[in-house]
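# Geometric and topological summary
Take a look at the letters that make up each chain.
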Amino acid sequence: MAFSTNQDLIPLVDLKSQSRAIKEDVLRRMGEVMDDARYILGKEVTEFEQQFAEYCGTGHCVGMANGTEAIHMALRALEIGDGDEVITAGNSFAATAFAIAYSGADAVFVDIDPDDFNIDTSIIESAITEKTKAIIPVHLFGQPARMKEILDIARRHGLKVIEDAAQAHGAELDGQRCGSFGDIGCFSFYPGKNLGAFGDGGAVVTNDPALAERMRLLRNYGQKQKNQHDMLGFNCRLDTLQACVLLSKMQHIEKWTEQRRQVAQWYREELDGTDLLLPHAHDDSRHVYHLFVVRTSQREQLMSSLAEQNIHTGIHYPNPLSKAASFKKSPTIPISLPVCSELANEILSLPMYPEMTKQQVQRVSHAVCQVVRKQELANEIV
Ligand SMILES: Cc1ncc(COP(=O)(O)O)c(C=O)c1O
């Protein structure tokens, strides 16, 4: 796609501004780690785990190498694996389903609600079989899934709940933080996430001390003590240098989240009255806008028109997971995901990052309105 050079770039995500804001603090913290050369499971990892558990409102946090391994370790800790089925949303990033596959279980995809883009709780029960062991709701784009309904279904069917909160740091439902509703909450600190490291990182949170202890062992070769391997373990520890970055960013996360919400509000004001469908935000929730995803039947036209004006956009995600070759196994119950399929062709992520200015939002919105209005006029002429 060709980008014009005569207008400043508005990226989809801007990681450079955040790095500038924390550079000195991060370098100081990293310098301390280097002085002591304690790179693996240094005290910064423990310090971050304590802060992040408190932030999520959970008793425990265990740092992991990335968000995918966080979900994988959560499933292992709950002893879910071969022959089991795990229900999740059909429109997540592939990592949710890959983590289920790593555990040995089969992912069963459920269609989504066309308004909030999260798992449709009214059809979860139709996907439950005698093999089902857990539900993994995904708080997609920063919007909390309908946890009350999900927990109720899980309780009635004796299922575990693992939240994929990779895109929902600080998101809330009825004042309670995402990640703290289910048995285990899983986070990613991939650089572009609302809380992002300078590389890969992840974490699990839980209120169950036994599960926390099990995940602590699982992430470190199953070792309680050096060379004592009581279980099949993995190497998926959160890196100490990444914990330094995360500790620095924790000081800003609330401010940055509010800035994201402000950017979303500006978009709403600027795009009000167009036939673009804006992200739905539930009244009882705190949407943290990891992404600002709109819906339009003019997606390709809009994307290329914005690109011509040096505005980057993205598609999250272009294919329902059930269509990925790696998951084309026949499930116990046939899967139909009409809403996922329809949305995959119509969703578009507009630029969203905390440092985005009102002028930038206006420039994006103006560019969007040119295409949307053109379409409206075209419709009138026909
Ligand atoms: C919804 C979702 N789940 C899981 C993951 C996996 O996280 P990671 O990339 O840190 O492995 C991501 C992010 O990449 C994600 O967006």
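Residues numbered from 1 in each chain as written. Predicted model: local features only at pLDDT ≥ 70, side-chain atom pairs only at ≥ 80, totals over all residues. Heavy atoms only, no water.

Time to look at helix α1 (residues 16-36). Between its terminal C-alpha atoms α1 stretches 29 Å, which fits the 30 Å expected from 21 residues at 1.5 Å a residue. The largest bend in α1 amounts to roughly 60° and is located at Ile 22. Packing partners of the buried residues in α1 comprise α2 (43-56), α8 (240-250) and α9 (253-271). (Helix = DSSP H or I, 4+ residues; strand = E, 2+ residues; numbered from the N terminus. Expected span 1.5 Å × (residues − 1). Bend = angle between axes of the 7 residues up to and from the residue. Contact = heavy atoms within 4.5 Å.)

We now examine the domain arrangement of the chain. Domain annotation of the chain identifies domain 1 (17-110 + 117-250) and domain 2 (252-381). The C-alpha centroid of domain 2 is placed 25 Å from the C-alpha centroid of domain 1. With 45 residues of domain 1 at the contact, the number on the domain 2 side is 35 residues. Note on domain 1 versus domain 2: buried area summed over both sides is about 3500 Å², and carbon and sulfur give 60% of it. The largest share of the area that domain 1 buries against domain 2 comes from Phe 109, Phe 141 and Asn 194, three residues that together contribute 21% of it. For Arg 146, the salt bridge identified is with Asp 284, shortest N-O distance 2.7 Å. Applying the counting criterion to the domain 1 and domain 2 interface returns 17 residue pairs in polar contact (both at pLDDT 80 or more). Those elements giving two or more residues to the side of domain 1 that touches domain 2 turn out to be α1, β2 (85-89), α4 (94-103), β3 (106-110), β6 (172-173) and α8. If one sorts the elements of the side of domain 1 that touches domain 2 by residue count, α4 sits on top with 4 residues. Taken together, the residues of the side of domain 1 that touches domain 2 sort by class into 21 nonpolar, 15 polar and 9 charged. (Domains from an automatic or database assignment. Buried area = accessible area lost by both parts, 1.4 Å probe. Salt bridge = Lys/Arg side-chain N within 4 Å of Asp/Glu carboxyl O. Polar contact = N/O pair within 3.5 Å; in protein donor to acceptor, adjacent residues only side chain to side chain. Nonpolar A, V, L, I, M, F, W, Y, C, P; charged D, E, K, R; others polar.)

For soluble globular proteins, nonpolar side chains are generally found buried alongside one another. The biggest cluster of nonpolar side chains holds 61 residues, and the ones touching the most others in it are Ile 87 and Ile 124. Looking at this core, the element that brings in the most residues is helix α3 (residues 67-77), giving 6 residues. Split by domain, the residues of this core number at least three in each of domain 1 (17-110 + 117-250) and domain 2 (252-381). When sequence neighbours within four positions are dropped, the list of residues in contact with Ile 124 reads Ile 87, Val 110, Ile 119, Ile 135, Ile 150 and Ile 153. Core analysis: the second largest hydrophobic core is formed by 26 residues, Val 263, Phe 292, Met 303 and Met 352 among them. (Core = buried A, V, L, I, M, F, W, Y, C linked by side-chain atoms within 4.5 Å. Buried < 20%, exposed > 50% of the residue type's maximum accessible area, 1.4 Å probe, protein only.)

Turning to α2, a few remarks are in order. The end-to-end C-alpha separation of α2 is 20 Å, in line with the 20 Å expected for 14 residues at 1.5 Å each. Regarding α2, the residues found buried are Glu 44, Val 45, Phe 48, Glu 49, Phe 52, Ala 53, Tyr 55 and Cys 56. Angularly, the buried residues of α2 cover 165° about the axis, an arc narrow enough to put them on a single face. Relative to its buried face, α2 has exposed residues pointing more than 90 degrees away, namely Gln 50 and Glu 54. The positive-phi residue at the C-terminal boundary of α2 is Gly 57, with phi of around 75°. (Arc of directions from axis to C-beta.)

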